Amino acid sequence: MDKKVGVKILGTGSYFPKKILTNADLEKTVDTSDEWISARTGIRERRISENNEPTSELAYKASIDALESAGIKSEQIDLILVATTTPDMLCPSTACFLQMKLGLTFAPAFDISAACSGFIYGISVAKAFIESGLYKTILLVGAEELSKVTDWTDRSTCVLFGDGAGAMILSVSQENDDVLSVVLGANGLYSDLLFLPAGGTAHPATTETVNKKMHTIKMRGREVFKVAVSKMALAAVKALELSGKKRKDIKLFIPHQANMRIIEAVAKKMGIPMDKIFVNIHKTGNISTATTITALDEAVKTGKLQKGDLVELVAFGGGFTWGATVIRV
Ligand code: UT7
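Residues numbered from 1 in each chain as written. Predicted model: local features only at pLDDT ≥ 70, side-chain atom pairs only at ≥ 80, totals over all residues. Heavy atoms only, no water.

Asker: Got a minute to help me understand the pairing of strand β13 (residues 321-328) in this structure?
Answerer: Regular strands place their side chains on alternate faces of the sheet. Here β13 lies mainly inside the structure; seven of its eight residues are buried. Direction of pairing for strand β8 (residues 179-186) relative to β13: antiparallel, over a ladder of seven bridges. Paired with L184 across the bridge in β13 is G323. Across eight bridges, strand β12 (residues 310-317) lies against β13 in antiparallel orientation. (Buried < 20%, exposed > 50% of the residue type's maximum accessible area, 1.4 Å probe, protein only. Helix = DSSP H or I, 4+ residues; strand = E, 2+ residues; numbered from the N terminus. Pairing = 2+ DSSP bridges.)

Put into structure tokens, the structure is as follows:
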């Protein structure tokens, strides 16, 4: 019988738009304050994409960065996956636009829609494809432009979100298995707590849906908060168990960056000291599916993670969806 193949993580990359929107900037447009935003969320600033800079453009720049870090040519990619909640268009997929930008006309490409957990769902899809032998080298991207689906007059949401993209290259390996475990979950019963009502087939775009701002994110934050803490902690504990590792073996925990208080509550529930938790929410805001991968890339680039270190990613988002994974960088 053939030896089971494993997954090797070859490299990561990220990209953020240049424009910075600070809490002080928001104070000028909505009834909020730097004090409220910082204390309640931990966010101080976020990046905002240009009008002529769609999600695929951020995805492209993050992919180039990941290809460089992996030391491979784009032609070696044989599958492209893009996790996003804010695609360039409903059709074609953002993955197809990315494929075109990379000039990879033969690599199949599709999007993954699992809101903020999309990147972790993507790791599990990439792992399954590699283990099945269908594809050998996969480009997985998490890219978002939440600024373009935000109601900038709604202070309960507009202070939270930002734009950015991260990418990872995963490849087949006979020796390594860098994805030690993945746990995924979903519960559609919570779909009305965090959603983007119009623009799909339930509420096709009309003048009325636009006037009512139904094409922007709606969230019942306090209710989302509670489920986020409990599901992230449960998923993280389960993924750790499945990996066969202990908390002490994990160099860094990278939780979804939605709210500093959620991050602290998850850490407390898991009994993990804050110095083992990676946080960059103060400068990114919540960038949905791009949070975990951009944070991972920053941890690698700043030397917080060294080659061979174990790291656990955990996320939670609309759907609800959640997921956790233990990986080796
Ligand atoms: O990424 C996917 C998952 N998303 C999340 O995990 C987000 C989860 N939720 C949260 O992070 C938090 O619930 C929020 C940051 C969204 C809100 O924080 P909160 O502590 O739950 O505040 P709240 O919604 O209970 O509102 C408290 C008060 C309200 O005023 P009253 O009714 O007490 O007078 C709000 O109107 O804060 C008010 N408020 C604001 N005040 C100043 C809400 N937003 C703002 C604001 N500036 N931006």
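Moving on, there is more to tell.
Asker: In this structure, what is going on with the pairing of strand β5 (residues 109-112)? I would like to understand it.
Answerer: Across four bridges, the pairing between strand β4 (residues 79-83) and β5 is parallel. If you follow L81 over to β5, its bridge partner there is F110.

Asker: Teacher, can you tell me more about the state of the cysteines here?
Answerer: By definition, a disulfide links the sulfur atoms of two cysteines through a covalent bond. Taken as a whole and judged by the stated rule, the model has zero disulfides. Summary of cysteine pairing: C96 is not part of a disulfide, and the nearest cysteine sulfur, belonging to C91, is at 8.2 Å. Accessibility expressed as a relative area gives 33% for C96, which makes it partly exposed. (Disulfide = S-S within 2.5 Å.)

Asker: I keep staring at the pattern of salt bridges and nothing clicks. Help me out?
Answerer: Here the structure, examined in full by the defined rule, presents 17 salt bridges. D31 is the salt-bridge partner of R155, the closest N and O atoms lying 3.6 Å from each other. With a gap of 124 residues between them, R155 in helix α6 (residues 155-158) and D31 in the loop between α1 (23-27) and α2 (34-41) connect regions that are remote in the sequence. For the salt bridge of K301 with D297, the shortest nitrogen-to-oxygen distance reads 2.6 Å. Of the two residues, K301 and D297 are both situated in helix α11 (residues 291-301); the distance of four residues between them amounts to about one turn of the helix. Assessed through its relative accessible area of 51%, K301 is described here as exposed. Judged by its relative accessible area of 1%, D297 falls in the buried class. Residues joined by salt bridges that share partners form a network here, namely K4, K127, E131 and D177. (Salt bridge = Lys/Arg side-chain N within 4 Å of Asp/Glu carboxyl O.)

Asker: How do you make sense of the domain arrangement of the protein when you look at a structure like this?
Answerer: Many authors give the size of an interface as the accessible area that is lost as the parts come together. Each domain of the protein was delimited in the assignment, giving domain 1 (6-176) and domain 2 (180-328). The C-alpha-based centres of domain 1 and domain 2 are spaced at 14 Å. With 49 residues of domain 1 at the interface, the matching set in domain 2 holds 48 residues. Taken together, the two surfaces of domain 1 and domain 2 that pack against each other cover about 3700 Å², and 64% of this comes from carbon and sulfur. Where domain 1 packs against domain 2, one counts two salt bridges. Taken together, domain 1 and domain 2 are joined by 23 residue pairs in polar contact (both at pLDDT 80 or more). Here the side of domain 1 that touches domain 2 gets seven residues from one element, more than from any other, and that element is helix α5 (residues 118-132). Its residues assigned to classes, the side of domain 1 that touches domain 2 comprises 21 nonpolar, 17 polar and 11 charged. (Domains from an automatic or database assignment. Contact = heavy atoms within 4.5 Å. Buried area = accessible area lost by both parts, 1.4 Å probe. Polar contact = N/O pair within 3.5 Å; in protein donor to acceptor, adjacent residues only side chain to side chain. Nonpolar A, V, L, I, M, F, W, Y, C, P; charged D, E, K, R; others polar.)

Asker: Can you help me understand the nonpolar core in this one?
Answerer: The tendency in soluble globular proteins is for nonpolar side chains to be buried as a group. In this structure, I262, V266, M270, F316 and F320 are the most contacted members of the largest nonpolar core, which totals 45 residues. At the level of elements, α8 (221-243), α9 (260-270), β12 and β13 are the ones that each hand at least two residues to this core. In terms of residue count, α8 provides more of this core than any other element does, 10 residues in total. In contact with V266, other than residues within four places in its own chain, are V229, M232 and A233. Of all hydrophobic cores here, the second largest spans 31 residues; its members include L79, A114, I130 and I327. (Core = buried A, V, L, I, M, F, W, Y, C linked by side-chain atoms within 4.5 Å.)

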